[in-house]
Structures are given as structure tokens and as C-alpha cells.
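This is what each chain is made of:
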Amino acid sequence: MNLATILEGHPDGATALLTRGRSITYGELRDQVAQMRGGLVRAGVERGDRVAIVAANNRVFVVAYLAILGVGAVAVPLNPGSPSAELRSQLSAVDVRIAIVGPSGRDAMAALGQGSVPVEQVYVAAGVDLPGGRPLDQLLGGEPAPVVDTADDDLAVLIFTAGTAGAPRAAMLSHGNLRSNLEQVQAHPSRRITADDVTFGVLPTFHIFGLNVALDLALFAGSSILLVERFDPASALDSIRDHGVTVVAGAPPMYQAWVALPEADPAAFSTVRIAVSGAAPLPPAVAAAFEQRFGVPVHEGYGLTEASPVVTSSVVGQRARHGSIGVPVPGVEVRLVDADGEDALAGDEGEIWVRGPNVFKGYWGDAEATAAAITPDGWLRTGDVAVVDGDGFLYIVDRVKDLIIVSGFNVYPAEVEEVLRDHPGIDDVAVVGMPHPHSGETVKAFVVQKPGFHLEEDQVIEFCAGRLARYKCPTKVTFVDELPVSNAGKLLRRELRAS
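One structure accompanies this document, and this report is about it.

Calculation rules
- Residues numbered from 1 in each chain as written.
- Predicted model: local features only at pLDDT ≥ 70, side-chain atom pairs only at ≥ 80, totals over all residues.
- Heavy atoms only, no water.
- Core = buried A, V, L, I, M, F, W, Y, C linked by side-chain atoms within 4.5 Å.
- Buried < 20%, exposed > 50% of the residue type's maximum accessible area, 1.4 Å probe, protein only.
- Axes fitted to C-alpha atoms, helices over the stretch in contact; angles between N-to-C directions.
- Helix = DSSP H or I, 4+ residues; strand = E, 2+ residues; numbered from the N terminus.
- Parallel < 35°, antiparallel > 145°, perpendicular 65-115°, else oblique.
- Left-handed = near helix turned anticlockwise from the far one by under 90°.
- Contact = heavy atoms within 4.5 Å.
- Nonpolar A, V, L, I, M, F, W, Y, C, P; charged D, E, K, R; others polar.
- Pairing = 2+ DSSP bridges.
- Arc of directions from axis to C-beta.
- Salt bridge = Lys/Arg side-chain N within 4 Å of Asp/Glu carboxyl O.
- Right-handed = clockwise from strand over helix to strand, strands pointing away.

## So, the nonpolar core
Line of reasoning, step 1. With 135 residues, the main nonpolar core has Y65, I100, F200, L219, W258 and F269 as its most contacted residues.
Line of reasoning, step 2. The next biggest cluster of nonpolar side chains, apart from the first, holds 20 residues, and it includes V411, I426, L468 and V477.

Given below as C-alpha cells:
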């Protein structure tokens, strides 16, 4: 069944979106999506074509996303704040045919240069001046088109992620993957969303957490979602209070920011019944401080893009187990596996393996990485290490892979290192994650300079800033004479982390 049908069956007059001070009902949203489906068909979009969305959390994104799915094409949500080099690479990597650009994506697309955008057509939202761009209204002015039938295995979305097995690549999520995860979350008795709920939708929709856990889940339940394009802790509290938000899905830096806000109104969360945190570990001290100040427990969960994304939830009763990622949601199998590939003994650490209909189809154009991530019998190797207590609650204790998580976003060291090695003054480089009080982790680079060059820290950071999204750029650079390696020549990142 086509995931776009999550819009169906809800009352026409019920509020679907709250965005930019405007309320959009389900009836209005269905009409706009149907019109854009017709526009995409007239533009020549066919089943399986990749259509990018370069927009923030607003109506443009939602209508485009659901319309793309509805015609059987593949939605490719991209970070509108990406530097042009990263954007060009991603558009080319999955052979995007058409790009739909909102106001926040204008600068990144413009920086590509007219004539060098690697797509056939670019449509821009009203008020966006982009050379070569066509008005998005061209896709909204004609006859609507129906939702096409799709199989569960048909590709729905490509999400760029650092992955479980190497450098960033596009994870392939099917209609069945995404829908099954919505059903799994809704089958969790304490995590279920109802039509009366209002979700705070500030998590970016180009990220799987914001896309499927916030946006899709709200629409699947027939509830409302308040779309917020940028997070500001003070204005966020006002919005939560003024709109009677009942569900907050956030990343740890959000809760840290609210705890640190000096004059926050403790009653701002009085309507909130569920507050969940994911995408990165939530420090237990932050969770405890938030609950003490606002009277709402924060329940941590665990997931990853390749699992669509929810694997576990700790929303079990009213008491939050600080530090635990909870128990598997219904319909998801979880194993803890030791270094020999066997089930870890009770009380021992083991890598989290996941199996279920929510596990992705693989990485676009990369059979080797797909085989490394998914076993022949369907288990997804996550690269995260956990232990389980006597009640079945899981606790993350380590990470097998070298992934860095900055404010909930994945950063793979190899991507940053590859960019830095293009600098004419850098002979060698290694990147690691270091603890950070606000973002959880931050990127630190250890740089070996070429003879005769003298670099400053700011020069290295600035070089990255023009080529990578800001959260992937180093915030600290240390210059070293050489990088530590083992006898076999393998880089010893643990020594760098300890230095």
C-alpha cells in the first residue's frame, strides 16, 4: 500500500498542519497533494524517478513529499543548509530528475551555478528567486491525479546517512519499511498517538526521526503537527504552550537547551503527555533536571535510519528509566551478539542486531555495504553495543563503528577526512568525536601539515565549511607531527580520543 494514503480517512475539517501561523486541514492538504501529483505527472515524473526536496519543515515540504510518494516516485529529502558541493554530490549520487526547492534551500541551490545543477527541472516556492527555477505553482494549477498502487517492497524514500558500514550513502526505505514502523510504534500501548494529539515538529524532515517519527506518525494517526523550521528554546516553549502541544519528539540538545534557559516557564509543558528523546544518547543528568523543572519525564528511545527508524522505546508507564533506551517496540526483534557472532550471555555486552519489516532494503548502488550491514537471514548489524537488565531494558554502552553523533546527526570520520585531505597544506588527517556539553559530541581533527606549510586552526575549519554541512565541520583542530597507528598500520582513534 502506498505510504501516501496515510492522509486518507481523517475528517476533512480536522487540523493536519500548523505552519507559519496558518492552520491547514486534512481536506485542504489532500486537495493540494492531489493537485501536485497531477503536476508531477504532467512534468513527466514516472515510477521510480528520484525527486529531491530541498526545503525546511513547512507546507512546501509536506505537500511535495506526499505527492512524490503518491505518484510512485522516490522522495529524496536533502538538507537545505548543505553547502553546494555536498548538495551536488547527493543530487548526482542517486540521479535526481527533479528538485523542489523551498526558501531555505535557495542559497545552496543558487551556489551550484546556473547550468551546472545536475537535475532536469527545478521548481521553486513562491517568492524564491532562483535562476533557471520554475514556479512551483506550475505543479499545482491543473487536474489532480490519483494515488498509484505500490507494493510494500517498492522504494519510497532515499535518506542520506553515515550508515552502519562506512562513508555516507543513501539508505533505501520502502513503503512497507516506513509504514510498518508507524504500525509498530502505534502498537506500543504507551507510545500510541491519537487524533487529539499535537506534535511539536522541529526535528528536520530531511532526517528520518523528523520524517517518520514526527511527520508521518502524526498524519498516520490523523492528529496535528506544529511544523517549526528553526529551534529556538524560548520561542519553542511559547509555541508548545500556545498550541497545546501534547507530544514532543526531540534530540538531547533540545532538552539541554530548555534546562539551561534561565527564565523558562515550568508550566510550558503542562499539556505535554509524551516527551521522547532520540538520535543520540541523552545524559541522565539532563533528563532528571528536565523532569524536575517541567514535571514531565523524558523517555529515551533508540533507532537508526536503516530501521525506519524506531527500534526501542522506554515509554513504559510514567517513570522514566534514565540512561535506558527501553525495550523493543512490538514487531521488532532485537539480539545482542558477541564478537563471535553468537548471542551474548546474560549480563554481557553485545552488538545490537535488529530484524523486522522495518529494516531497510540496503544502500543505493552499494551492494558491498549492504551485505556488510544486513546478514543473509535479515539481521541488521547496528554497530552499537548494549547490555540488558533483568527487566529487559537495554542500555547503550559503546559503539563499534567510528560514527560521530552531533546534535543527533550522523557524521562519518572518513567523509570529513576525505575533504581535509584535499587541502594543499595537509599531509594526513584523522577525525574523532569528542564530548560536547550542548551537542553531545563534536568533531575534532588531528592534522599533519605538509613540509613548508603553516596552517591556523581557523583556516582548516573554514576549508571544511565551504564543502560540508556545518555540523560535520571540526570545531577543534590539533596539529600533530604524526598520527598513532598499530603495528599493522591501522589508525588508533582511541589514542586520539584520549589525548
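## Considerations on the packing of helix α1 (residues 26–42) against helix α2 (residues 59–70)
Line of reasoning, step 1. In the contact formed by α1 and α2, the axes pass within 8 Å of each other and the chain directions differ by 60°. Here α1 is positioned oblique relative to α2, judged by the angle of their axes. Once α1 is placed against α2, the crossing between them reads as right-handed. Two secondary-structure elements touch here, α1 through L29, Q32, V33, M36, R37 and L40 and α2 through R59, V62, V63, A64, L66, A67, I68 and G70.
Line of reasoning, step 2. Taken together, the residues that form the contact of α1 with α2 break down as 10 nonpolar, 2 polar and 2 charged.

## Some thoughts on the environment of K450
Line of reasoning, step 1. Position of K450 among the secondary structure elements: in the loop between β25 (440–449) and α12 (457–465).
Line of reasoning, step 2. Between the alpha carbons of K450 and D232 there is a distance of 42 Å; along the sequence they are 218 residues apart.
Line of reasoning, step 3. Once residues lying within four places of it in the same chain are set aside, the contact partners of K450 are P424, G425, I426 and D427.

## Re unusual backbone geometry
Line of reasoning, step 1. Each neighbour pair has its own omega, and for S308 with P309 the value is 0°, a cis peptide bond.
Line of reasoning, step 2. One non-glycine residue with positive phi stands out, namely R20, at about 50°.
Line of reasoning, step 3. Here R20 shows up in the loop between β1 (15–19) and β2 (22–25).

## Re the sheet that holds strand β10 (residues 198–201)
Line of reasoning, step 1. Judged by pairing direction, the sheet is mixed, and its 9 strands sit side by side in the order β2-β1-β11-β10-β12-β13-β14-β15-β16 without closing on themselves. Looking at the sheet topology across the chains shown, the edges are occupied by β2 and β16 (327–328).

## Thoughts on the sheet that holds strand β24 (residues 426–436)
Line of reasoning, step 1. Reading across from one edge, β24-β25-β26 is the order of the 3 strands in this open sheet, with mixed pairing throughout. At either end of the open sheet lies a strand with only one pairing partner, and these are β24 and β26 (476–479). Adjacent strand axes in the sheet meet at a mean angle of 25° when their direction is disregarded.
Line of reasoning, step 2. As paired elements, β25 and β26 share 4 bridges and run parallel to each other. Along β26, the bridge assignment pairs V447 with F479.
Line of reasoning, step 3. The sheet strands contacting helix α11 (residues 413–420) are β24 and β25, and the helix crosses β24 at an angle near 145°.

## Here we look at the environment of V359
Line of reasoning, step 1. Within the secondary structure layout, V359 lies in the loop between β18 (350–355) and β19 (362–363).
Line of reasoning, step 2. When the C-alpha positions of V359 and C473 are compared, they lie 30 Å apart, and in sequence the two are 114 residues distant.

## Considerations on helix α9 (residues 284–294)
Line of reasoning, step 1. Every buried residue of α9 is listed here: V286, A287, F290 and F294. All buried residues of α9 fall inside an arc of 100° around its axis, so they share one side. Exposed residues lying more than 90 degrees from the buried face of α9 are A285 and Q292.
Line of reasoning, step 2. Of the surrounding secondary structure, the elements contacted by the buried residues of α9 are α8 (252–260) and β14 (298–303).
Line of reasoning, step 3. Note on α9: the residue one or two positions beyond its end, G295, has a positive phi of about 75°.

## Section: the pairing of strand β9 (residues 169–174)
Line of reasoning, step 1. Among the 6 residues of β9, 6 are classified as buried, and the element is accordingly described as predominantly covered.
Line of reasoning, step 2. With 6 bridges joining them, strand β8 (residues 155–161) and β9 adopt antiparallel strand pairing. For L158, the partnering residue across the bridge sits in β9 and is M172.
Line of reasoning, step 3. Pairing analysis gives 2 bridges linking β9 to β19, with the strands arranged antiparallel. Paired with M172 across the strands is G362, a residue of β19.

## Quick look at the pattern of salt bridges
Line of reasoning, step 1. Taken as a whole and judged by the stated rule, the model has 18 salt bridges.
Line of reasoning, step 2. A salt bridge links R97 to D49; its shortest N-O distance comes to 2.6 Å. Highlighted residues: R97 in strand β5 (residues 96–101) and D49 in the loop between α1 and β3 (50–54), separated in sequence by 48 residues. Exposure class is identical for R97 and D49. Each is buried.
Line of reasoning, step 3. The shortest N-O distance in the salt bridge between E457 and K476 comes to 3.9 Å. Residue E457 is located in helix α12, and its partner K476 is located in strand β26; the two are separated by 19 residues in the primary sequence.

## Regarding α8
Line of reasoning, step 1. Taken as a whole, α8 has its buried residues at P252, P253, M254, Y255, Q256 and W258.
Line of reasoning, step 2. The inward-facing, buried residues of α8 abut β10, α7 (233–242), β12 (247–250), β13 (274–277), α9 and β14.

## Describing the pairing of β14
A regular strand places its side chains so that they alternate between the two faces of the sheet.
Line of reasoning, step 1. Within β14, 5 of the 6 residues are buried, which leaves it mostly tucked inside the rest of the structure.
Line of reasoning, step 2. Two elements, β13 and β14, share 3 bridges in a ladder whose sense is parallel. Directly across from V276, in β14, lies its bridge partner H299.
Line of reasoning, step 3. You can see the chain leave β13, run along α9 and come back into β14, and the turn it takes is right-handed.
Line of reasoning, step 4. The pairing of β14 with strand β15 (residues 310–313) spans 3 bridges and is classified as antiparallel. Each residue of the ladder has a partner; that of G303, found in β15, is V310.
Line of reasoning, step 5. Between β14 and β15, which pair antiparallel and follow one another directly, the connecting turn spans 6 residues, one of which, S308, has a positive phi of 75°.

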